[in-house]
Amino acid sequence: MLADLLQRPEIARTGVYFLVGPDFDNLARTRVYIGETDDVAVRLKQHNRSGEQGGKDFWERVCVVTSKDHNLTKAHVKHLESLLIAAARDSGRSVLENGNQPDYTSLPEADKADMAFFDEQIRTVLPVLGFDFLRSRPHIGPRNCLTSGPANAMPIFSMSVPKHGVSAEAREQDGDFIVLSGSTSRDHWSSSHHAGYQLLFEQLVQDGVLSDVEAGVRRFTIDFAFSSPSAAAAIVSGRPTNGRISWVDKDSGVTYAQWQEQRVDNMVV
């Protein structure tokens, strides 16, 4: 539908854009290019060319952000592009096609404040559209942290695969299910089903999130956020697993599904 998109008048304005597609080296990951221009339509036409003609071959979707009242200038979008590339790198949720990270700091202070707000709005809207590559990785404090707050009210969940010496702990925060550093997983993917999880397992090994094999298991080297309890359980157990029943509250012994059901039932409508 690119031809239809290019007919929209706002696409000819100054703005930033995101080209999104699969990473051909690992289809479990997303590849993203973040750009800026004073005429988005012209730039998208250039990117739609073949790689041999200077285009970009990987993208299947595009998200364009412009201003409804023509208030964005070239200097604004250069600064905004710099903020967005930095956020995508810090998030680590995608492979960035951008080579270098530009650093534009020549805007007046008031304009920087405006672009900071613009950046915040983009980060709010994009996940609603299905783009999560700007979402910050959740920060997990010490496990013995006693300060009050929603994150610390969340229980620690655990699961184990005694046959293979695997034991893991996790907690839910900000929409992610986070397996905690030091947890162990199977040493390899043992199922012929669910190729997506297998690719994710192999990617985590390649990225060093899962350590080299030690005593028949791998170890999580960092706190790592998964999109669901089942995704986390699959990586820990090395095969597709229903995380809603595999993860249990360490204190109460109830499954994740039971805990979630209790939370919903206890909500005041």
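Above this text you will find the structure in question.
What you are looking at is a predicted structure, and each value in this text was computed from that prediction instead of being measured.

Cut-offs and rules
Residues numbered from 1 in each chain as written. Predicted model: local features only at pLDDT ≥ 70, side-chain atom pairs only at ≥ 80, totals over all residues. Heavy atoms only, no water. Buried < 20%, exposed > 50% of the residue type's maximum accessible area, 1.4 Å probe, protein only. Helix = DSSP H or I, 4+ residues; strand = E, 2+ residues; numbered from the N terminus. Arc of directions from axis to C-beta. Contact = heavy atoms within 4.5 Å. Patch = residues over 30% accessible without salt bridge, like charges linked within 9 Å, V, L, I, M, F, W, Y side chains within 5 Å. Areas by Shrake-Rupley, 256 points an atom, 1.4 Å probe, with all protein chains shown as cover. Salt bridge = Lys/Arg side-chain N within 4 Å of Asp/Glu carboxyl O. Pairing = 2+ DSSP bridges. Phe/Tyr/Trp six-rings, centres within 6.5 Å; stacked < 30°, edge-to-face > 60°. Lys NZ or Arg CZ within 6 Å of the ring centre and 35° of its normal. Axes fitted to C-alpha atoms, helices over the stretch in contact; angles between N-to-C directions. Left-handed = near helix turned anticlockwise from the far one by under 90°.

### Here's the deal with helix H9 (residues 256–265)
- Along H9, the positions that sit buried rather than exposed are Tyr256, Ala257 and Trp259. The arc that holds the buried residues of H9, viewed along the axis, is 165°, so those residues lie on one side. Exposed positions of H9 whose direction lies more than 90 degrees from the buried face are Glu261 and Asp265.
- For H9, the secondary structure elements touched by its buried residues are strand E5 (157–161), strand E6 (166–173), strand E7 (176–179), helix H7 (229–237), helix H8 (243–246) and strand E11 (248–249).

### A closer look at a nonpolar patch on the surface
- Together, Val125, Val128 and Leu129 give the surface a local cluster of nonpolar side chains, amounting to about 300 Å² of exposed area.
- Mapped onto the elements of the fold, Leu129 is located in the loop between helix H4 (109–128) and helix H5 (150–153).

### Some remarks on the sheet that holds E7
- With antiparallel pairing, 5 strands are arranged side by side in an open sheet as E10-E7-E6-E5-E11. The open sheet has two free edges, formed respectively by strand E10 (224–226) and E11, since each of these has just one partner strand.
- When E5 meets E11, the two strands line up antiparallel, connected through 2 bridges. When the bridges of E11 are listed, Phe157 appears paired with Asp249.

### Some thoughts on the packing of aromatic side chains
- In total, this model carries 12 aromatic pairs according to the counting rule given.
- Judged by centre distance (5.7 Å) and plane angle (90°), the ring pair of Phe177 and Tyr256 falls under edge-to-face. A residue pair is termed long-range when its members are at least 10 positions apart, and Phe177 in strand E7 and Tyr256 in helix H9 qualify at 79 residues.
- Here Phe177 falls in the buried class, since its relative accessible area comes to 1%.
- Ring plane angle 55° and centroid distance 6.3 Å describe the contact between Trp189 and Phe201, whose orientation is recorded as tilted. Pair noted here: Trp189 is in the loop between strand E8 (184–186) and helix H6 (195–207) and Phe201 is in helix H6, with a separation of 12 residues, a long-range link.
- The class of Trp189 is buried, set by a relative accessible area of 10%.
- Chaining the aromatic ring pairs together yields one cluster made of Phe157, Phe177, Trp247, Tyr256 and Trp259.
- Here the guanidinium or amino end of Lys56 rests over the ring plane of Tyr33, the centre of that ring lying 4.4 Å away.

### Here we look at the pattern of salt bridges
- Under the counting rule described, the total for this entry stands at 10 salt bridges.
- Among the ionic pairs, Lys74 bridges to Glu36, the shortest N-O distance being 2.9 Å. Of this pair, Lys74 sits in helix H3 (residues 74–91) while Glu36 sits in strand E2 (residues 26–37), and the two are 38 residues apart along the sequence.
- Residue classification places Lys74 among the partly exposed positions, given a relative accessible area of 31%.
- Here Asp176 makes a salt bridge to Arg93, at a shortest N to O gap of 3.1 Å. Taken as a pair, Asp176 in strand E7 and Arg93 in the loop between H3 and strand E4 (95–96) lie far apart in primary sequence, 83 residues in all.
- Its relative accessible area of 3% is what places Asp176 among the buried residues.
- On the basis of relative accessibility, which here comes to 14%, the residue Arg93 falls in the buried class.
- In the salt-bridge network here, residues are joined through shared partners; they are Asp23, Arg31 and Glu97.

### What to know about unusual backbone geometry
- Positive phi values are uncommon outside glycine, yet Ala215 reaches one of about 55°.
- As for its position among the elements, Ala215 is in the loop between H6 and strand E9 (217–219).

### Side note on the environment of Leu6
- When you line up the elements, Leu6 lands in helix H1 (residues 2–6).
- Linking Leu6 and His194, residues 188 residues apart in sequence, is a C-alpha distance of 38 Å.
- When near neighbours in sequence (up to four residues on either side) are disregarded, Leu6 contacts Ile11, Ala41, Leu44 and Lys45.

### Quick look at H7
- In terms of burial, H7 is largely enclosed, as 9 of its 9 residues are buried.
- For H7, the set of buried residues is Pro229, Ser230, Ala231, Ala232, Ala233, Ala234, Ile235, Val236 and Ser237.
- Positive phi appears at Gly238, one or two residues downstream of H7, with a value of about 75°.

### Side note on the packing of H6 against H7
- Relative orientation of the contacting elements H6 and H7 amounts to 65°, with a least axis distance of 10 Å. Viewed along their axes, H6 and H7 form a crossing whose handedness is right-handed. Taken together, the residues of H7 that come into contact with H6 (itself represented by Tyr197, Leu200, Phe201 and Leu204) are Ser230, Ala231, Ala234 and Ile235.

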